[in-house]
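Geometric and topological summary
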2 protein chains.
Amino acid sequence: MNDSIRNVAITGGTHGNELTGVHLVKHWLSQPEEVKRGSFSTELHLTNPQAIKDVRRYIDQDLNRQFDIQDLRNPELKGYEQQRAKLLDALLGPKENPRIDFIIDLHTTTANMGMSLVFNSGDPLVVGMAFYIKQKMPHATLFYEPSNRLEHNFLTSMGRLSGLLIEVGPIAQGLLNYEVYSDTHIAVMHALDYLQQRSEGLPLNLPTQMAGYQFTKKVSLPENTEGEITAMIHPDLQGKDYHAIKPGDPLFITLAGETIAYEGESTVYGAFINEAAYYDQKIGLSFMKKININLESSTNTNCG
Amino acid sequence: MNDSIRNVAITGGTHGNELTGVHLVKHWLSQPEEVKRGSFSTELHLTNPQAIKDVRRYIDQDLNRQFDIQDLRNPELKGYEQQRAKLLDALLGPKENPRIDFIIDLHTTTANMGMSLVFNSGDPLVVGMAFYIKQKMPHATLFYEPSNRLEHNFLTSMGRLSGLLIEVGPIAQGLLNYEVYSDTHIAVMHALDYLQQRSEGLPLNLPTQMAGYQFTKKVSLPENTEGEITAMIHPDLQGKDYHAIKPGDPLFITLAGETIAYEGESTVYGAFINEAAYYDQKIGLSFMKKININLESSTNTNCG
């Protein structure tokens, strides 16, 4: 694929109550030289204005689940975010052949995921950006969830070469925290520098392989027959994103204080542990597997 | 004042996105023996059902600001929470001569306030409850904001002898955390035990004086001429609730990274530092003064 980059979009407020991205984009709108690089143009977009105004994740639907090509082309889908997705398809796309080459979408989480670099493409340009940022910010974690770009429903899938979702936590919804704001700011600067250096043909000195995590499944919170949750994340698991969960380890604790253990047969790793935004679907955490990610090939290897 | 206690109400979900109180009340509705004591009856109420359903602080107005007697008696106030307040006045009140003697209202905060015991009455029964809980849970903080019960706008002011607001953090909105849930659970048990022991005439062995904090003022976040915030809590202040803020100490940091210092002339103490719910009013924190609180007299003394 032609990997030359001409148009980059930085997007914030895809979830209207994740204020870090909202205020970083506002900051850069007033200081555009910070995101300017010589070899490409950088656009700034606040993608979900009504949700930002209402300080809510979304009005009708989660905007960051609306970009599957079939949904974009479905005229029956008329909710606020479904319409926003069509508008963003016109602005940044069209998805089949997008005007925008690469999208950097800014998010936060209530989970203790630190600086997580979420990418859905095995393209060396995309993987290389994650490697580059992790080299500069060793506390970052690589979060890989491979997907077909056209079928994927994230905003980042609107980029011709896909994009990078920067997910930082823990932070409450509707809040700014300078550490989170500053860390996200620095990561975006590295992302832009990487694209610039790459387009200038400068040596990037990236490793051929780095360790990371691959999404495997979402895990539901226990609920009763009325559909109300009956347990919460166990205190031993709270805040332990990317730590090993072994068979028999505690997962949940009921409202009455009884522990519910992990009954799987193999070690997994948790992410999005106690993410407030997932309570509406009663999801308690994601299970991940630890992998080695290769820069030049999509043949990643499990590493237990 | 007649301080015999016959009817106690435990209330949760006054702010619909503070899930700890919501789920504790649901838990006790299924296990009512936990809140039963011999000398009084205990009622359980989820006070803002629509906001709980929508996982929002409020629908139209902050319910916990609607209980001033003038507002309760004003038929022009017809918003959802204004109507809920009138309904709660009928259920628990009337405010001038309430059926409920004491209200324990459960809240959480995104600020690092630990277990804060908020009370608005200098009545020895109320102060004694806070002292009793702090004796059992030394990490608790006494947060005193004296007010006239009839004019006060908190739900706790609906109790004949006022009440206790239990405020625990930090925790994100829309989230459960077992440490917060469990700590709140324990504090409520102590509150009920205190009322029971008091009514039985058992010796309580309370100190005559304990240290605490008294609310003095709310401090706004810096904003621009368009009314948008231009700064956030400084990282040196983040999480430092109830620590001293001296003249010249950093308060805020702008989106561009410039520090804004506290310009007052005397030492103050912060609380509700970076509470997400106060962003709509662009309030960054509260200033408190450190005081000694007396059990039997309202003549509390400043202690710098």
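Residues numbered from 1 in each chain as written. Chains lettered and ligands numbered in written order. Predicted model: local features only at pLDDT ≥ 70, side-chain atom pairs only at ≥ 80, totals over all residues.

**Regarding the overall build of chain A**
Broken down by element type, chain A carries six helices and 14 strands. Computed over the C-alpha atoms, the radius of gyration of chain A is 19 Å, within 12% of the 19 Å expected from 2.2 N^0.38 for a compact globule of 304 residues. Its C-alpha atoms put chain A at 60 × 45 × 40 Å along the principal axes. Taking all 304 residues of chain A together, the buried fraction comes to 48%. Counted over contacts in chain A with a minimum sequence separation of 6, partners at least 24 positions apart contribute 70%. (Helix = DSSP H or I, 4+ residues; strand = E, 2+ residues; numbered from the N terminus. Rg over C-alpha atoms; globule rule 2.2 N^0.38 Å. Buried ≥ 20, exposed ≤ 12 C-beta atoms within 10 Å, placed from the backbone. Contact = placed C-beta atoms within 7 Å.)

**Comments concerning the pairing of strand β12 (residues 268-271) of chain A**
All names here are of chain A. In this structure, strand β9 (residues 244-245) lies alongside β12, joined through two bridges in antiparallel fashion. The residue bridging Ile245 from the neighbouring strand is Val268, located in β12. As judged from the three bridges shared by β12 and strand β13 (residues 283-294), these two strands associate in the antiparallel manner. The partner of Ala271 across the bridge, within β13, is Ser286. (Pairing = 2+ DSSP bridges.)

**Looking at the relation of the copies chain A and chain B**
The transformation that overlays chain A on chain B combines an axial shift of 0.0 Å with a rotation of 180°, and the residual RMSD is 0.0 Å. Such a combination of turn and shift is consistent with a two-fold rotation axis. For chain A, the smallest separation between a C-alpha atom and the rotation axis is recorded for A:Ala172, amounting to 2.2 Å. Taken together, the interface assignments show that 100% of the residues at the interface of chain A recur at the interface of chain B, consistent with an identical surface on both copies. (Least-squares fit on C-alpha atoms with pLDDT ≥ 70 in both.)

**Some remarks on the nonpolar core**
Ranked by size, the top nonpolar core spans 170 residues in total, and within it A:Leu117, A:Leu164, A:Ala191, B:Leu117, B:Leu164 and B:Ala191 carry the most contacts. Not counting the four nearest positions on each side in its chain, B:Ala191 is found in contact with B:Ile104, B:Met129, B:Ile133 and B:Leu164. (Core = buried A, V, L, I, M, F, W, Y, C linked by C-beta atoms within 7 Å.)

**Some details on the sheet that holds strand β10 (residues 250-254) of chain A**
All names here are of chain A. Here we have three strands laid out as an open sheet, ordered β8-β10-β11, and antiparallel in their pairing. The open sheet is flanked by β8 (231-233) and β11 (259-261), the only strands paired with a single partner. Adjacent strand axes in the sheet meet at a mean angle of 35°, parallel and antiparallel pairs treated alike. With three bridges joining them, β8 and β10 adopt antiparallel strand pairing. Bridging from a neighbouring strand, Met232 pairs with Ile253 of β10. (Axes fitted to C-alpha atoms, helices over the stretch in contact; angles between N-to-C directions.)

**Remarks on the sheet that holds strand β11 (residues 259-261) of chain B**
Residues and elements named next belong to chain B. In space, the three strands of this open sheet follow the order β8-β10-β11, with antiparallel pairing throughout. The sheet is open, and its two edges are formed by β8 (231-233) and β11, each paired on a single side. Sheet twist, expressed as the average angle between the axes of neighbouring strands with direction ignored, equals 35°. Where strand β10 (residues 250-254) lies against β11, three bridges are found, and the strand directions are antiparallel.

**Remarks on the environment of B:Thr267**
Residues and elements named next belong to chain B. Tracing the backbone through its elements, the reader meets Thr267 in the loop between β11 and β12 (268-271). Accessibility expressed as a C-beta count within 10 Å gives 14 for Thr267, which makes it partly exposed. Separated by 23 residues in the primary sequence, Thr267 and Ala244 have C-alpha atoms spaced 6.4 Å apart.

**Some remarks on the domain arrangement of chain A**
All names here are of chain A. Structurally, chain A comprises domain 1 (7-206) and domain 2 (216-288). Summarising the inter-unit geometry, the C-alpha centres of domain 1 and domain 2 are found 27 Å apart. Between domain 1 and domain 2, the contact holds nine residues from the first and ten residues from the second. Of the residues assigned to the side of domain 1 that touches domain 2, the class counts are three nonpolar, five polar and one charged. (Domains from an automatic or database assignment. Nonpolar A, V, L, I, M, F, W, Y, C, P; charged D, E, K, R; others polar.)

**Concerning the pairing of strand β1 (residues 7-12) of chain A**
Residue and element names in this part refer to chain A. The element β1 is extensively covered by neighbouring structure, given that five of its six residues are classed as buried. Bridge analysis of β1 against strand β2 (residues 41-46) gives six bridges, and the strand direction is parallel. Within β2, the position partnered with Gly12 by the bridge is Leu46. One ladder, built from four bridges, connects β1 with strand β3 (residues 102-108); its direction is parallel. Bridge assignment links Thr11 to a residue of β3, and that residue is Asp105.

**A word on the interface of chain A and chain B**
Each partner contributes to the interface: chain A provides 23 residues, whereas chain B provides 23 residues. Here the element with the most residues in the side of chain A that touches chain B is helix α6 (residues 178-199) of chain A; it accounts for three residues. Taken together, the residues of the side of chain A that touches chain B sort by class into twelve nonpolar, ten polar and one charged.

**Concerning the packing of helix α5 (residues 124-136) of chain A against α6(A)**
Residue and element names in this part refer to chain A. Remark: α5 packs on α6, axes separated minimally by 9 Å, with the N-to-C direction vectors making an angle of 130°. The orientation of α5 relative to α6 falls into the category oblique. When you trace α5 past α6, the crossing you get is right-handed. The residues of α6 that touch α5, namely those facing Met129, Tyr132, Ile133 and Lys136, are Ala187, His190, Ala191 and Tyr194. For the contact of α5 with α6, the per-class residue count stands at six nonpolar, one polar and one charged. (Parallel < 35°, antiparallel > 145°, perpendicular 65-115°, else oblique. Left-handed = near helix turned anticlockwise from the far one by under 90°.)

**Digging into the packing of helix α1 (residues 19-30) of chain B against helix α6 (residues 178-199) of chain B**
Residue and element names in this part refer to chain B. In the contact formed by α1 and α6, the axes pass within 10 Å of each other and the chain directions differ by 60°. Between α1 and α6, the angle falls in the class oblique. Crossing hand, α1 versus α6: right-handed. In contact with Thr20, His23 and Leu24 of α1, α6 contributes Val180, Tyr181, Thr184 and His185. Across the contact of α1 with α6, the residue classes tally to three nonpolar, four polar and no charged.

**Re helix α1 (residues 19-30) of chain A**
Residues and elements named next belong to chain A. Between its first and last C-alpha atoms α1 spans 17 Å; for twelve residues at 1.5 Å apiece the expected length is 16 Å, and the two agree. Of all the twelve residues making up α1, ten are buried; the element is thus mostly covered by neighbouring parts of the structure. Listed as buried for α1 are Leu19, Thr20, Gly21, Val22, His23, Leu24, Val25, Lys26, His27 and Trp28. Where the residues of α1 are buried, they touch β1, β2, α2 (49-54), β3, β6 (163-169) and α6. (Expected span 1.5 Å × (residues − 1).)

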